[in-house]
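Observations on chain architecture
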Amino acid sequence: MCVRPAQAARFPTSPLGKRIAGLLVWLAAPLGACSIAVGQELVPFVIPARIDVEPALWIGKYEPIAADSTRLRADRHFYRDRRVRIWGVNLSFGANFPTHEDASLVAARLAAAGVNSVRCHHMDTSRWPRGIWNTRDGRTIEPEALDRLDFFIKELARRGIWVNINLHVGRAHSEYLGLPRPNSEYDKIVGIFTPALVEAQKQYANELLNHVNPYRQVRYADDPVVAFVEITNEDSFFMWNGDDTLRGLPPFYEKILQDRFNRWLQQRYGSTRALRTAWSKGTAPLGPNLLQNGNFAAGNSDTPQNWHLEQHAGCQATIARQRNGSHGAIRIRIDKADETQWHLQLSQGSLALRQGQYYTVAFDACSDRPRTIGCSVGQAHEPWSNLGLSRRVALTSRRTHHTFGFVASADESNARLSFAFGGDDAAVDLANVELHRGGQVALARSESLSAGNIALFQENESEPRILDRMTFLTETEKAYFDEMRRYIKSDLGCDALITGTIVFGPLGLYAQSDMDFIDAHAYWQHPRFPGRPWDQGNWIVEQKPMTDYPEEATLFRLVAERLAGKPFTVSEYNHPAPMDAQAECVPMMASFASAQDWDGLWFYSYSHSGDSWDREILSSFFDIDTNPAKWGFMRAGTAIFRDGALPPLRSGRPVFVADASNDLAALARLHAQHDRDMLAILREVGNLTRSDMLKGIYVPAYERSHGITGSEPSGTTLTWSADSKNRGLYHATGGKTRVYTGHAALFEEASQGDVRITSPELVALTVTPLDDGNRLLVTACGRCENTAMQFSPDRRTVGRNWGEAPVRIETVDGRLVLPGGPWICHALAPDGSTKRRVPMDGNVLKLSPEYETMWYLLERQGR
């Protein structure tokens, strides 16, 4: 993936395992010389785990959540006695079960920074002490885990922090029920439709939510502090690799789903004849072969004419024609392969495709031993987007004919057909490759409703068959989530706000449309693993500031995943360490979400560990508790987002997508064309651009009656652009709040002279009012890394060499003009206490590395 970013679109690697065991980066002894980017000296900045709330930076007052207090409710937004925004963090694995002593300290630190919710994530994945299950056989809940969780919830409630309980994240109920092993992690997908697995999820929900917390004398189901319940994490028929998982279901699960599909078809059509008639609409015979030299006969050497062999990351292969008297075959010998399939590819480009046209790919293939290859059709140029076909093909020693049909998702004059065969050193034989227009088939000769053998997938499907399958899957998925919500609400009597899972395209959004709120996840530059998945010694985090790439930014995609009439949250978000620009994460998300008037954010993750709260070092890509580039901005983010110091943009309009309740097929067509890309759908149906989303609030709607509530124009502005050198600047301003992230050289012009940054090159800076506005907090930071951290020359990895304590920051040198005043300014120490008086030049504040801080607290004179 390091060569061509869109390879991930062609042969995607699911991020489902991003929080599995091994997520923590274990520190190794230093090796070799440390490579540091050009810039000023970094200074230690360890924000202590044990917070004294006396310093003025921290929040010392909060409203406890009593066991008989009013619950949060949902009505377009979250409310209690007034509008509430959720400003939260995730706790993962063992971090959900701190000791009683640590529970009080953790809760106090969270509350001091303004956090008002924690998401209890991956509690169900592991056995004690990393999870909730007992160590002996993993079949029952560990009493000590439950006691610690009970006490922790009590401490969180004391400090006004709501809890979001995730029910199913990593539990493989199939293993403990003795069911066949599914072809997905954590029972993903199969848990949606397999009755025994659904019942197991209900049983766990019953056991947990019916539990009485002895420290609060109330069931979790009745406790107002348990404000949110999530049914299952990142789980949908339409998720990453969903089609591949469904096509490869083991027979036990395949039969359950196929039987359900056939019953659905029987009810819909009544007879095989009616079904065949409906599915035959729009079919067309095969046209001529669009490929040149598909039989590999032409060419002056063993490299076939019109075909291109790609070899990446040191992988090597050679091609030889078969010498059996036929010119229809080649043998691809793998001389060197790593574990990434697309590092070796054979492709033919310069193909013209028409959007909406059906195409058929056909070929013969085999291998010396069982293995898989990839077959895809996509762009032959940047951004290398997939155009409708991305399949994994299982090969054996027996030559087999394969045919795949697809609908082109876009017009393209330079497309390519690619075969990817890295990841294995078994040779591959390939023959008789064809690409045709047409070729759809309604029903295979042996398929009939009376036999109940109509497959969920068939090669060369007609469009009506595809749309029926997608409609069936959508209805099945929605029925699962609706039933789980009904069970939790009615049978268990739980009044918490419930969401099902995150949004996966237009059909996944419809499946969530009757939940209490809509949720999404996003990561900018999630770690990639060129070899073995989650190899902590072989990973890459691209040095790619999101500020520099507005056209690729995750934030616009999130805008498109809302649903009119429902609160919207993002329950996982991060820009991973050790990216140089990671300090942009919290300021950008807090300000963008506030301007778009979202309802909740949970950053991923506060911590993964339950017994190392006092560490003074970055220990993983995602943990923010010891990362000052993230945690250092949380207090500012509290003001910006939770307290609404940056008002929402002017009200926009709902963007009508489809009447989902009455025309689900219309949504299925959009999904077939755009897959999960809701942003592309909004461009098509609403003619929306990213520029529009910087100016107003636009929300997808599945009913024409939905509107958007909001205030009059607030004065908030968002600007985001990159110059000819690809240097970006993001700027949000509204009320007394200012947010800047990006390249120092661009700050002065963007601020009309109010901000001038001398160094470093990349800076995140916020100016936020605290309390009644008589205090201002200025937060500024460049890079953040551990002492003696050992980067590769391109700074995309440190392998296992994460360095040692203390964690350090790159301080900012510059000046900014502040409103109002006159002001008295102090530089703050890492514990939030006053460190040193900073002289003011009128209303001009001089930021300087000499103060060795990222925090400047200003108080209005004579307040």
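As the structure is a prediction and not an experimental result, all values here were calculated from the model.

1. Section: the sheet that holds strand β34 (residues 804-809)
With antiparallel pairing, three strands are arranged side by side in an open sheet as β1-β34-β33. At either end of the open sheet lies a strand with only one pairing partner, and these are β1 (43-44) and β33 (784-787). The pairing of β1 with β34 spans two bridges and is antiparallel. Looking across to β34, one finds that Val43 is bridged to Ile809.

2. Observations concerning the pattern of salt bridges
Counting across every chain of the model gives 56 salt bridges. Across the salt bridge formed by Arg219 and Asp222, the nearest N and O atoms sit 2.8 Å from each other. Judged by its relative accessible area of 19%, Arg219 is buried. Salt bridges linked by common partners bring Asp580, Arg783, Glu785, Arg795 and Glu810 together as one network.

3. Focus on the packing of helix α16 (residues 664-674) against helix α17 (residues 678-686)
Contact geometry of α16 with α17 gives a least axis separation of 10 Å together with a crossing angle of 120 degrees. Comparing the axis directions of α16 and α17 gives the class oblique. Where α16 crosses over α17, the two elements pack in a sense that is right-handed. Only Ala680, Ile681, Glu684 and Val685 of α17 make contact with α16, whose side of the interface consists of Leu670, Gln673 and His674. Looking at the contact of α16 with α17, its residues break down into four nonpolar, two polar and one charged.

4. Here's the deal with the nonpolar core
The nonpolar side chains of soluble globular proteins are, as a tendency, buried together. Among the nonpolar cores identified, the biggest contains 199 residues, and Leu110, Phe228, Tyr573, Met589, Trp598, Trp631 and Leu667 are the most heavily contacted of them. Among the elements that line this core, the one with the most residues is helix α10 (residues 463-491), at 10 residues. Those residues within four positions of Trp631 in sequence are excluded, and the remaining contacts are Ile47, Val89, Arg109, Leu110, Ala113, Val115, Tyr606, Ile624 and Asp625. Listed in part, the 36 residues of the second largest apolar core include Leu291, Ile332, Ala365 and Leu387.

5. A closer look at the sheet that holds strand β14 (residues 344-353)
Reading across the sheet, the five strands line up as β11-β14-β19-β16-β17 and stay open at both edges, with antiparallel pairing between neighbours. The sheet terminates laterally at β11 (308-311) and β17 (386-395), the two strands that pair on one side only. With strand direction ignored, the average angle separating the axes of adjacent strands in the sheet is 20 degrees. Two strands pair when backbone bridges link them, and strand β16 (residues 371-379) and β17 are joined in this way by eight bridges, in the antiparallel orientation. Within β17, the residue paired with Val377 across the bridge is Leu389.

6. Section: the confidence of the model for the protein
Averaged over all residues, the pLDDT of the protein equals 92, while 94% of them reach at least 70. Note that pLDDT drops below 50 for residues 1-38; the model gives that stretch 129 contacts with residues more than four away or on any other chain.

7. Things to note about unusual backbone geometry
Here the residue pair Glu382 and Pro383 is connected by a cis peptide bond, since its omega of 5 degrees sits within 30 degrees of zero. Going from Ser759 to Pro760, the amide bond is cis rather than trans, its omega being 0 degrees. With respect to the helices and strands, Pro760 occurs in the loop between β30 (755-759) and β31 (762-770). For Asn241, which is not glycine, the phi dihedral falls at a positive 60 degrees. With respect to the helices and strands, the residue Asn241 is situated in the loop between β10 (226-232) and α7 (242-247). Positive phi values are uncommon outside glycine, yet Trp384 reaches one of about 60 degrees.

8. Overview of the packing of helix α8 (residues 251-269) against helix α9 (residues 272-279)
Relative orientation of the contacting elements α8 and α9 amounts to 90 degrees, with a least axis distance of 9 Å. Overall, the two elements α8 and α9 adopt an arrangement that is roughly perpendicular. Two secondary-structure elements touch here, α8 through Phe261, Leu265 and Tyr269 and α9 through Ala274, Leu275, Ala278 and Trp279. Residues of the contact of α8 with α9, tallied by class, amount to seven nonpolar, no polar and no charged.

9. With respect to helix α15 (residues 634-642)
Here α15 lies mainly inside the structure; eight of its nine residues are buried. Where α15 is concerned, the buried positions are Met634, Arg635, Ala636, Gly637, Thr638, Ala639, Ile640 and Phe641. Trailing α15 by a residue or two, Gly644 shows a phi angle of about 70 degrees, which is positive.

Each value, and the rule that gives it
Residues numbered from 1 in each chain as written. Predicted model: local features only at pLDDT ≥ 70, side-chain atom pairs only at ≥ 80, totals over all residues. Heavy atoms only, no water. Pairing = 2+ DSSP bridges. Helix = DSSP H or I, 4+ residues; strand = E, 2+ residues; numbered from the N terminus. Salt bridge = Lys/Arg side-chain N within 4 Å of Asp/Glu carboxyl O. Buried < 20%, exposed > 50% of the residue type's maximum accessible area, 1.4 Å probe, protein only. Axes fitted to C-alpha atoms, helices over the stretch in contact; angles between N-to-C directions. Parallel < 35°, antiparallel > 145°, perpendicular 65-115°, else oblique. Left-handed = near helix turned anticlockwise from the far one by under 90°. Contact = heavy atoms within 4.5 Å. Nonpolar A, V, L, I, M, F, W, Y, C, P; charged D, E, K, R; others polar. Core = buried A, V, L, I, M, F, W, Y, C linked by side-chain atoms within 4.5 Å. pLDDT = per-residue confidence, 0-100.

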